[in-house]
Amino acid sequence: MIVAQLDRVSVLGRDQPMLREASLTLHAGDRVALLGPNGAGKSTLVRVLLALTPASEGTVQRAAAGVGYVPQGYAESLFPWFSVLRNVAMPRLIARREDAYDIARTLTDRILPGIDPRRRAGRLSGGEKQATALARALASPGDLVIADEPFSAIAASSRERLRRTLREKLGARALLLVTHDASDVADLCERTVRIIDGRTVEGAA
Amino acid sequence: MSERRPRSGPSVGASLLALVGTIGAWWAVAQIHVAGRPLVATPAATMGALSGAAPTLGGDLAATAARSGVGLAAGIVAGLVIGALAAILVHRAPVIEGLLDLARSVPPVLILPVCLLAFGYNEMARVATVASGCVWTMSLAVITAASSPRSVRREMLDVAGAATLPALAWTQPWESLGILVVGLRTCASTAVVVAVVTEMIAGAERGLGSRVIAAQIVGDTAGLTLDVLAAGVLGYVVNLGLRWLERWVRRLET
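Each chain carries its own residue numbering, running from 1 in the written order of its sequence. Lettering for chains starts from A, numbering for ligands starts from 1, and both go in the order in which the items are written. Owing to the predicted nature of the model, reporting of local features is limited to residues with pLDDT of at least 70; listing and counting of side-chain atom pairs is limited to 80 or more, with chain, interface and lining totals taken over all residues. For side-chain calculations, the full set of non-hydrogen atoms in the structure is used, while hydrogens and water are omitted.

Undergrad: Would you explain the environment of Pro108 of chain B in this entry?
TA: All names here are of chain B. Elements are defined by DSSP. Helices are runs of H or I of four residues or more, strands are runs of E of two residues or more, and each kind is numbered from the N terminus. Among the secondary structure elements, Pro108 is positioned in the loop between helix 3 (95-105) and helix 4 (111-119). By relative accessible area, Pro108 is classed as buried at 18%. For this analysis, residues touch if any pair of their heavy atoms sits within 4.5 Å. Contact partners of Pro108, with chain neighbours within four places excluded, come to Thr129, Ser132, Gly133, Thr190 and Val194. Accessibility here uses a 1.4 Å probe with only protein chains present; expressed as a share of the type maximum, an area under 20% marks a residue as buried, one over 50% as exposed, and anything in between as partly exposed.

Undergrad: I'm lost on the sheet that holds strand 2 (residues 17-27) of chain A in this one. Help?
TA: Two modes of strand pairing occur in sheets, parallel and antiparallel, and in both the strands are linked by backbone hydrogen bonds. All names here are of chain A. One open sheet holds the three strands; their spatial order is 2-1-4, and the pairing between them is antiparallel. Strands with a single pairing partner mark the edges of an open sheet, and in this sheet they are strand 2 and strand 4 (57-61). The sheet shows a mean angle of 15 degrees between the axes of neighbouring strands, taken without regard to direction. In this analysis, strands are considered paired if DSSP registers two or more bridges between them. Helix axes are fitted to C-alpha atoms over the stretch in contact, other axes to C-alpha atoms as well, and angles between N-to-C directions run from 0 to 180 degrees.

Undergrad: Is there a simple way to explain the pairing of strand 2 of chain A in this structure?
TA: The side chains of a regular strand alternate, residue by residue, between the two faces of the sheet. All names here are of chain A. When strand 1 (residues 2-12) meets strand 2, the two strands line up antiparallel, connected through seven bridges. Residue Leu6 lies in a different strand from strand 2, and its bridge partner there is Leu24. With antiparallel pairing between neighbouring strands as the criterion, strand 1 and strand 2 make up a hairpin whose turn holds four residues.

Undergrad: What is the right way to read unusual backbone geometry from this model?
TA: Note: most residues except glycine have negative phi, and most peptide bonds are trans. Residues and elements named next belong to chain A. Residue Arg8 is not a glycine yet carries a positive backbone phi of 45 degrees. Following the sequence through the fold, Arg8 ends up in strand 1. Notably, Asp197 is not glycine yet its phi reads approximately 50 degrees, a positive angle. Checked against the element boundaries, Asp197 lands in the loop between strand 8 (191-196) and strand 9 (199-204).

Undergrad: I keep staring at helix 2 (residues 43-89) of chain B and nothing clicks. Help me out?
TA: The periodicity of an α-helix, 3.6 residues per turn, causes residues three or four places apart in sequence to face the same way. Any helix carries an expected span of 1.5 Å times its number of residues minus one. When the terminal C-alpha atoms of helix 2 of chain B are compared, their 55 Å separation across 47 residues is substantially less than the 69 Å that a helix rising 1.5 Å per residue should span. The principal kink in helix 2 of chain B, of about 75 degrees, is found at Ala53 of chain B, preceding the proline Pro55 of chain B by one to four residues. A residue's bend is the angle separating two fitted axes: one through the seven residues that end there, the other through the seven that start there.

Put into structure tokens, the structure is as follows:
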């Protein structure tokens, strides 16, 4: 089952194209790493998939609502005035799922051990905020999780545990992981898509 | 390489010195006489006036504070409603923001005669004048808050499939707080000034403005100095409370 697809998608920037006929197909259960140098168009591709940036050309089959998403600006993506638990439960609360807080509690216990889930998200450290954003993405009810460098602020000692949790909690969902870290790719992904000058090139992990 | 010395913290001694210096400067200004009268009373004479005025000063201070507070509250409520309506319409008719800015530029005290004609010489006219000094500032603050750029949080809610109203409920009140508190601070300062000036111009049974005019008529420099200080204290306390509120909101945002 295809959960999201881009077919020869281009996005025009102010001076030059940010994506040039980029194609990508994500099936249920896929584990795909999106690689490429800074400014190659990785985040633009993610934003097109999430319908946050419109495509200038090409066909986009967007994922259904409820995609789990860890943005690069994870700290600004949290609701600092709400508790960690409410932040993690957000996608399921929006989807009016009754199990929102139960799922959020389970994920918070697992991903943020030792953190009081009633604590205001604004009071967390950088790494804890990123872990909260990851827990929230995993709490999402959709069939795709997109994570844009989700471990960049996580201490090396906690990364392996979080990778393991991500692997376990993904289930049948597809994962699109934007990363520069080879160990993330080796641990979590089955295939890679490289972006070079806005064009996609498929490969094995 | 030279080592940077850490800045020393606040010192009680320096604060006491500043206080003594201020009182000294006050005493020096009180020695200046114009047309045979001192500009202000000396600190000692002002303290002397306090003992005689204390029973009524508290009541007048409370009357001005209540007048400012009620006018401020009315202005804030009206400003929030007008601002919310304007924020919805301003995209289609940008002239609305200019019109509100024009209304804000009208000195609130000029509205007093309008209110006196509309409501008569009563409390309603005074409170309405104070409210008119706050309503436009607040409505502009609401427009600014509503037109702030879409945050990453709004994008997260879009990705989660949130409809417009739930998305607004998750973000708008909280993201607007900082701007609204700044608007509130401006309004509160305006409210105290307009309340006192209104009492001075239109008169009032109780109030600091009435006291100031009464002291000026009888040439009571010590009483006048005391009343001016009391108005300053009222404004300072209001500002202090709102600064605390602003700090709390800033902490909430981060």
